Amino acid sequence: MSAVLHVAVTGWGLCAPGLDDAAAFADWLRDPTRALPGGRSARPAAACMAPAEHRRAPHAVRLALEAATQALGTHHATSIGAVFCSAFGDMANTDAILSTLAQTPDQVSPTRFTHSVHNAAAGHWSMATASHASMSALACGREGIGPALLAALLEVRASAAPQLLVLFDAADAGALADAAPCALDFAVALLLAPIVDDAPGLRLHARVQAGHASPNAPRDTRLQPWYAGSPAARALPLLEICLGAAPRRFTWPLGSGTLLSLDCEHPP
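(A) Layout of the overall build of the protein chain. Counting its regular elements, the protein chain contains 10 helices and 8 strands. Over its C-alpha atoms the protein chain spans a radius of gyration of 18 Å, differing by no more than 12% from the 18 Å that the globule rule assigns to 268 residues. Dimensions of the protein chain along its principal axes, counting C-alpha atoms only, are 60 × 40 × 40 Å. Across the 268 residues in the protein chain, those meeting the buried criterion constitute 49%. For the protein chain, the accessible surface area stands at approximately 11800 Å², while carbon and sulfur atoms represent 56% of it. Of the charged side chains in the protein chain, 17 are positive and 21 negative, and the gap between their average positions amounts to 2 Å.

(B) Looking closely at helix α6 (residues 120–129). Across the 10 residues that make up α6, a large majority, 7, are buried. Its buried side turned inward, α6 meets α2 (51–56), α3 (59–72), β2 (81–85), α5 (110–115), β3 (135–138) and β4 (163–169). Positive backbone phi, approximately 55 degrees, marks Ala130, located one or two places after α6.

(C) Region of the structure containing the pattern of salt bridges. Scanning all chains against the criterion turns up 7 salt bridges. Here Arg43 ties to Asp20 by a salt bridge, and the two come within 3.8 Å at their closest N and O atoms. In this pair, Arg43 is assigned in the loop between α1 (22–30) and α2 and Asp20 in the loop between β1 (5–15) and α1, connecting sequence segments 23 residues apart. A residue is classified by how much of its surface remains accessible, and Arg43, at 65% relative accessible area, is exposed.

(D) Geometry of the packing of α3 against α6. Closest axis-to-axis distance for the α3/α6 pair is 9 Å, and the angle between their directions is 50 degrees. Here α3 is positioned oblique relative to α6, judged by the angle of their axes. The way α3 lies across α6 gives a crossing that is right-handed. Of the residues in α6, those touching α3 at Val61, Ala64, Leu65, Ala68, Thr69 and Leu72 are Ala120, Ala121, His124, Trp125 and Ala128. Looking at the contact of α3 with α6 residue by residue, the class counts come to 9 nonpolar, 2 polar and no charged.

(E) Region of the structure containing the pairing of strand β7 (residues 249–255). Pairing of β7 with strand β8 (residues 258–265), which is carried by 6 bridges, proceeds in the antiparallel orientation. Paired with Pro253 across the two strands is Leu259, which belongs to β8. Two successive antiparallel strands, β7 and β8, enclose a turn made up of 2 residues, where Ser256 displays a positive phi of approximately 55 degrees.

(F) Layout of the packing of aromatic side chains. All told, the structure shown has 5 aromatic pairs when counted by the stated rule. Aromatic pair Phe186 and Trp226: ring centres 6.0 Å apart, planes at 65 degrees, arrangement edge-to-face. Of the two residues, Phe186 is situated in strand β5 (residues 186–193) and Trp226 in helix α9 (residues 224–229); the sequence distance between them amounts to 40 residues. According to the relative accessible area criterion, Trp226 is buried, its value standing at 4%. Through successive ring pairs, a cluster of aromatic residues spans Trp12, Phe25 and Trp28.

(G) Spatial organisation of unusual backbone geometry. Positive phi, close to 55 degrees, is recorded for Ala130, a residue that is not glycine. Following the sequence through the fold, Ala130 ends up in the loop between α6 and β3. Looking at Ala130, the relative accessible area reads 49%, which means it is partly exposed. Despite not being glycine, Ser256 shows a phi value in the positive range, around 55 degrees. Secondary-structure assignment places Ser256 in the loop between β7 and β8.

Parameters and conventions
- Residues numbered from 1 in each chain as written.
- Predicted model: local features only at pLDDT ≥ 70, side-chain atom pairs only at ≥ 80, totals over all residues.
- Heavy atoms only, no water.
- Helix = DSSP H or I, 4+ residues; strand = E, 2+ residues; numbered from the N terminus.
- Rg over C-alpha atoms; globule rule 2.2 N^0.38 Å.
- Buried < 20%, exposed > 50% of the residue type's maximum accessible area, 1.4 Å probe, protein only.
- Areas by Shrake-Rupley, 256 points an atom, 1.4 Å probe, with all protein chains shown as cover.
- Lys, Arg positive; Asp, Glu negative; His and termini not counted.
- Charge placed at Lys NZ, Arg CZ, Asp CG, Glu CD.
- Contact = heavy atoms within 4.5 Å.
- Salt bridge = Lys/Arg side-chain N within 4 Å of Asp/Glu carboxyl O.
- Axes fitted to C-alpha atoms, helices over the stretch in contact; angles between N-to-C directions.
- Parallel < 35°, antiparallel > 145°, perpendicular 65-115°, else oblique.
- Left-handed = near helix turned anticlockwise from the far one by under 90°.
- Nonpolar A, V, L, I, M, F, W, Y, C, P; charged D, E, K, R; others polar.
- Pairing = 2+ DSSP bridges.
- Phe/Tyr/Trp six-rings, centres within 6.5 Å; stacked < 30°, edge-to-face > 60°.

Given below as structure tokens:
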């Protein structure tokens, strides 16, 4: 059994269809009479980006940067590292490149190609915030939350400093929809930090164990379509606890018969 990793969640952000920020999501969750907003597309502000970069950046990048900006709050990003994780990247951009290659291969857009790399969101974040801190970009399939959270936890432990964890995926597009279905835009970001006595913020205690993970469905059944519709939305049950729901244990797969076991608690 591995050592326990301890962090506090000191900020979080969200961007989803019809609920473009954390405050809107919190208001919606408190009202059990409201239905889940319909549609596939969110409208990320991503105000941290320069106007020219905002226009050129893929939709998935703007999703990620909007959630990250919310989670960062008033902290200075220049010294805060980040782990970005997306199952599929920006599929609309990738589909456009592949369609062009199939029909007019000499007309592939250099800008589209630049933004097709999986670390595009991390690169745009470092430029928008003038950050020289460590950045990682992970692609872990539909269950990326476990590996991404573990990577961020290890960074917090190694640096003794806050780290951003950003999970994001944009709605599928074109022919790729059959191979990599994603029903909606969704991005969530958590600001993780070393635990300080008496400081507010949900506390997480994680360890790597052998075994197979159990389902972690949201307690609020209204969230099930989002949870099932986007890999990034696997973080929804954790957001429920950030907003005051009773703590619970999560297990997320890491591969090769291992899992990340996570216990949550509110500070006394």
